[in-house]
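Inside the fold
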Amino acid sequence: MGGPSIRERGAPYGSDLCLYAAADIPTPQFGPGDVRLAHVPREQVSVSEVVAVARTLVLAALRSVGTRSSGERESRRP
């Protein structure tokens, strides 16, 4: 897909993703916010970080499955 390579590393907290890893399913953990502010009384994340993550996930999905321009018609099967 291009772009910088992703650095693989562990996280300093628990996650259900370890269940996928145990089954040899590659699973990225990606999202907005500072983990030090997660699940605390004043948990917070900025709107700009949520928007940035949403954009990244949309682009990743489009690059993965492709797009079809509005002028193209879907082929019909007999």
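In every chain, residue numbers begin from 1 and rise along the written sequence. Since the coordinates come from a predicted model, pLDDT governs what is reported: local features require at least 70, and pairs of side-chain atoms require 80 or more to be given and counted, while whole-chain, interface and lining totals use all residues. Derived side-chain values reflect all non-hydrogen atoms in the structure, with water molecules and hydrogen atoms excluded from consideration.

1. What about the overall build of the protein chain?
Across its full length, the protein chain holds two helices and zero strands. Sorting the 78 residues of the protein chain into buried and exposed places 1% on the buried side. Only the protein chains shown count as cover for residues, with accessible areas throughout obtained via the Shrake-Rupley method and a probe of 1.4 Å. Of the roughly 7,800 Å² of accessible surface on the protein chain, a fraction of 54% belongs to carbon and sulfur atoms. Secondary structure elements are defined from DSSP: runs of H or I of at least 4 residues count as helices, runs of E of at least 2 residues count as strands, and each element is numbered from the N terminus. Summary of the burial criterion: residues with accessible area below 20% of their type's maximum are buried, those above 50% are exposed, and those between are partly exposed, where the area comes from a 1.4 Å probe applied to protein chains only.

2. Considering the environment of Leu57
Along the chain, Leu57 falls in helix α2 (residues 47–65). In this structure the C-alpha to C-alpha distance between Leu57 and Gly31, which are 26 residues apart in sequence, comes to 9.5 Å.

3. Observations concerning a nonpolar patch on the surface
Together, Leu19, Tyr20 and Ile25 line one region of the surface with nonpolar side chains, adding up to about 320 Å² of accessible area. Counting through the fold element by element, Ile25 comes out in the loop between α1 (17–22) and α2. Like-charged residues within 9 Å of one another, or nonpolar side chains (Val, Leu, Ile, Met, Phe, Trp, Tyr) within 5 Å, are grouped into patches, provided each residue has over 30% relative accessible area and no salt bridge. Salt bridge, as applied in this entry: a Lys or Arg side-chain nitrogen positioned within 4 Å of an Asp or Glu carboxyl oxygen.

4. Some thoughts on the pattern of salt bridges
All chains considered together, the criterion is met by one salt bridge. Note that Asp34 is salt-bridged to Arg36, the shortest N-O span being 2.6 Å. Taking relative accessible area as the criterion, Asp34 reaches 28% and is therefore assigned partly exposed.

5. Some thoughts on unusual backbone geometry
Look at Asp24: it is not a glycine, yet its phi comes out positive at around 60 degrees. Along the chain, Asp24 turns up in the loop between α1 and α2.

6. Considerations on α2
For an α-helix, 3.6 residues make a turn, and residues three or four places apart therefore share a direction. Here the expected span of a helix is defined as 1.5 Å times the quantity of residues minus one. Taking 1.5 Å per residue as the helical rise, α2 with its 19 residues ought to reach 27 Å, and the 27 Å between its terminal C-alpha atoms agrees with that figure. Residue Gly66 follows α2 closely and has a positive phi angle near 85 degrees.

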